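What follows is each chain in one-letter form.
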There are 2 protein chains.
Amino acid sequence: MIKTPYLLFLGNAPDQLAAKVAIGIKDWRPENAVAQFRMAGCGADLGIQDMTLAEAKAVGAKTLVIGVANRGGIISDAWKVVLKEALAMGYDLASGLHNLLRDEADLVETAAAHGCRLHDVRVPSVQYPIANGKKRSGKRCLTVGTDCSVGKMYTAMAMDAEMRKRGLKSTFRATGQTGILITGGGVPLDAVIADFMAGSVEYLTPDNDSDHWDHIEGQGSLFHVSYSGVTMALVHGGQPDALILGHEPTRTHMRGLPEYQQPSLEELRDVALTLARVGNPACEVVGISVNTQHMSDTEAIAYLAQVEARMSLPTVDPIRIGAGPLVDALAAL
Amino acid sequence: MIKTPYLLFLGNAPDQLAAKVAIGIKDWRPENAVAQFRMAGCGADLGIQDMTLAEAKAVGAKTLVIGVANRGGIISDAWKVVLKEALAMGYDLASGLHNLLRDEADLVETAAAHGCRLHDVRVPSVQYPIANGKKRSGKRCLTVGTDCSVGKMYTAMAMDAEMRKRGLKSTFRATGQTGILITGGGVPLDAVIADFMAGSVEYLTPDNDSDHWDHIEGQGSLFHVSYSGVTMALVHGGQPDALILGHEPTRTHMRGLPEYQQPSLEELRDVALTLARVGNPACEVVGISVNTQHMSDTEAIAYLAQVEARMSLPTVDPIRIGAGPLVDALAAL
């Protein structure tokens, strides 16, 4: 686990989009975001306080999180001046960049000299077991998408937030870099060795109270030929009791695959449920999460109503509408 | 690629079962097996000539292949004496053991001193791409199983052998340690990083002549919760034109998962074909390969006839009966 709370390092991010990870942390775990640290020329702003390393340290920040994705994922020399100063002050560092902290000799040396940890959340730090398929206590919910990047993480985060708001037992389980940085822990599933994928998901979602829900972050799609194996491991390793179908209706083709069309929600429901019931015969599809960010309010509301009627399942955009109806559907299971 | 032909190292294998890899090489690529090398106390015998390192070298052997799986997969000191002598004589070494050749400093040093290569076929030696899903020329056949270890590799090997016997264009594509050692090349799929699984299968089965068939070695099962993600990557990365269903009818539960039952052949057919058609809409299920090793002749023949009638698909045990009817079915596509 990464020590919280964080000081969010935005470096010289050219724009708001480059600070996606930091925005995710600020939106979903504001209590983890003590302040932002911006360098000269930074074009991003989280709308929270700017602090120096010393100021943030004084109010309790434990880890400096690189909350920015720059071109090429490189750790620049200008950044390193700040990172090394942070280590010298006792901060741990956390990063999801391709350029690993552990591959930078000067950072490794400085961290060792000050007893600090370097967290590269893009690579596994655990030797995961092979999945044993044993039934686990507690409940699990997984969002499976018609495509990649349709809002599966946001759906799981929103459902978790709604359940906790209602005083229910709930945990978001991160399976990607952003989710791990937001919550401080998880499994970087796309970087796990094939044989251990499903086992890593079992490890991530262990036995729990019978009324506790894990909201497992989905990855890829059973219909995306590049990443479907990763999705399959979530469906079987996760043993979901409930599936949410995720969809982005304005896509003209599968993400990154111009020759592939998205499946219908009916096709996704049938395949995902058949496969999920191998691991958990009681699994049900309970709702639909639509990413309507590219639609107007009117279009979105009409589309959601139309899908809800067609599929006979509660259908929402958890960002625009809220995740309440999906949580109600879990409660009704 | 591993240089052929091989001298097959059996070491001090306690029995025939421990020499499974060497037996596979001798059975499927006898032209690759110059001779066997046995140490004192070896309880295995391939029924081919015994040779010293020098004798085998003199008749052309290029690689000493560790064709034995010992308890714990360890490279013993007694073995090392032979392995180092082989390297000093110019042999490459190849192994599928957990204990990697490259992790033994004295072997690495001796290999470097004599310009020889160490092949650890259990770990990838290539940086595979992410799958792009582009349609490739040539034809591909994949066996998908109701369970793990139902004879998928043998089915692919037997179909490849039958096609080559008929003068047709065919290649066996190995995805596991044994297959890689038998043929000298392939992808150790279970050791590939999740994001690159499907891409490694695309890499393994590139564009080819329009009348050429790749017989892709299957792995795991879509219904085996520990390994289904690996199978999924084969179904999508392999873009199969033809699927063979593999089955072992005497199993009482899924291999290693006492709480899980095998699916029916009908369930396997429906799920596998639906998923395969995402990557190749023209894919068809063309036949069934049954592993009848635990049945009598009478039982096996009755069972095959019953399944053939029930499923309306050519149904054989490729070891007991031959793969002819499966190859006929490919030709009829």
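This text goes with the structure placed above it.
Residues numbered from 1 in each chain as written. Chains lettered and ligands numbered in written order. Predicted model: local features only at pLDDT ≥ 70, side-chain atom pairs only at ≥ 80, totals over all residues. Heavy atoms only, no water.

Bringing the pattern of salt bridges into the picture now. One pass over the full model with this rule turns up 46 salt bridges over all chains. When the shortest N-O distance is used, the salt bridge between A:Lys84 and A:Asp106 registers 3.1 Å. Here A:Lys84, found in helix H3 (residues 77-88), pairs with A:Asp106, found in helix H4 (residues 105-114); they are 22 residues apart in sequence, far enough to count as distant. Note that B:Asp106 and B:Lys80 form a salt bridge whose closest N and O atoms lie 3.1 Å from each other. One end of the pair, B:Asp106, is in helix H4 (residues 105-113); the other, B:Lys80, is in helix H3 (residues 77-88), and 26 residues separate them in sequence. Counted as one network, the salt bridges with shared partners bring together A:Lys80, A:Lys84, A:Glu104 and A:Asp106. (Salt bridge = Lys/Arg side-chain N within 4 Å of Asp/Glu carboxyl O. Helix = DSSP H or I, 4+ residues; strand = E, 2+ residues; numbered from the N terminus.)

Residue and element names in this part refer to chain A. Per the stated rule, a full pass over the model turns up eight aromatic pairs over all chains. Taken together, a centroid distance of 5.2 Å and an interplanar angle of 85° make the contact between Trp28 and Tyr154 edge-to-face. Here the residue Trp28 occupies a position in helix H1 (residues 20-28), and Tyr154 occupies one in helix H5 (residues 152-165), the gap between them amounting to 126 residues. According to the relative accessible area criterion, Trp28 is buried, its value standing at 16%. Centroid distance Tyr128 to Tyr203: 5.3 Å. Interplanar angle 70°. Geometry classified as edge-to-face. A residue pair is termed long-range when its members are at least 10 positions apart, and Tyr128 in the loop between strand S5 (118-120) and strand S6 (139-145) and Tyr203 in helix H7 (residues 197-204) qualify at 75 residues. In textbook terms, an aromatic cluster arises when at least three aromatic residues are bridged by ring pairs, as seen for Phe9, Phe37 and Trp79. In this structure, Lys57 packs its charged tip against the face of Tyr91, placed 5.2 Å from the ring centre. (Phe/Tyr/Trp six-rings, centres within 6.5 Å; stacked < 30°, edge-to-face > 60°. Buried < 20%, exposed > 50% of the residue type's maximum accessible area, 1.4 Å probe, protein only. Lys NZ or Arg CZ within 6 Å of the ring centre and 35° of its normal.)

Residue and element names in this part refer to chain A. Taken in spatial order, the six strands make up an open sheet running S7-S8-S6-S9-S10-S11, and their pairing is parallel. The open sheet is flanked by strand S7 (170-173) and strand S11 (315-316), the only strands paired with a single partner. Note that strand S9 (residues 242-247) and strand S10 (residues 284-290) share six bridges and pair parallel. Bridging across to S10, Leu243 finds its partner in Val285. Each of S6, strand S8 (213-216), S9, S10 and S11 is contacted by helix H11 (residues 324-331), which is oriented at about 175° to S10, the strand it contacts most. (Pairing = 2+ DSSP bridges. Contact = heavy atoms within 4.5 Å. Axes fitted to C-alpha atoms, helices over the stretch in contact; angles between N-to-C directions.)

Because each turn of an α-helix spans 3.6 residues, side chains separated by three or four positions in sequence point in the same direction. Counting buried positions along H7(A) gives seven out of eight residues, so the element sits mostly inside the fold. Along H7(A), the residues that are buried comprise A:Met197, A:Ala198, A:Gly199, A:Ser200, A:Val201, A:Glu202 and A:Leu204.

With that settled, the discussion passes to the relation of the copies chain B and chain A. Mapping chain B onto chain A leaves a residual RMSD of 0.0 Å; the transformation is a rotation of 180° accompanied by 0.0 Å of translation along its axis. The two molecules are tied by a two-fold rotation axis, judged by turn and shift. Mapped onto chain A, 100% of the interface residues of chain B are again interface residues, and the two copies thus contact each other with one and the same surface. (Least-squares fit on C-alpha atoms with pLDDT ≥ 70 in both.)

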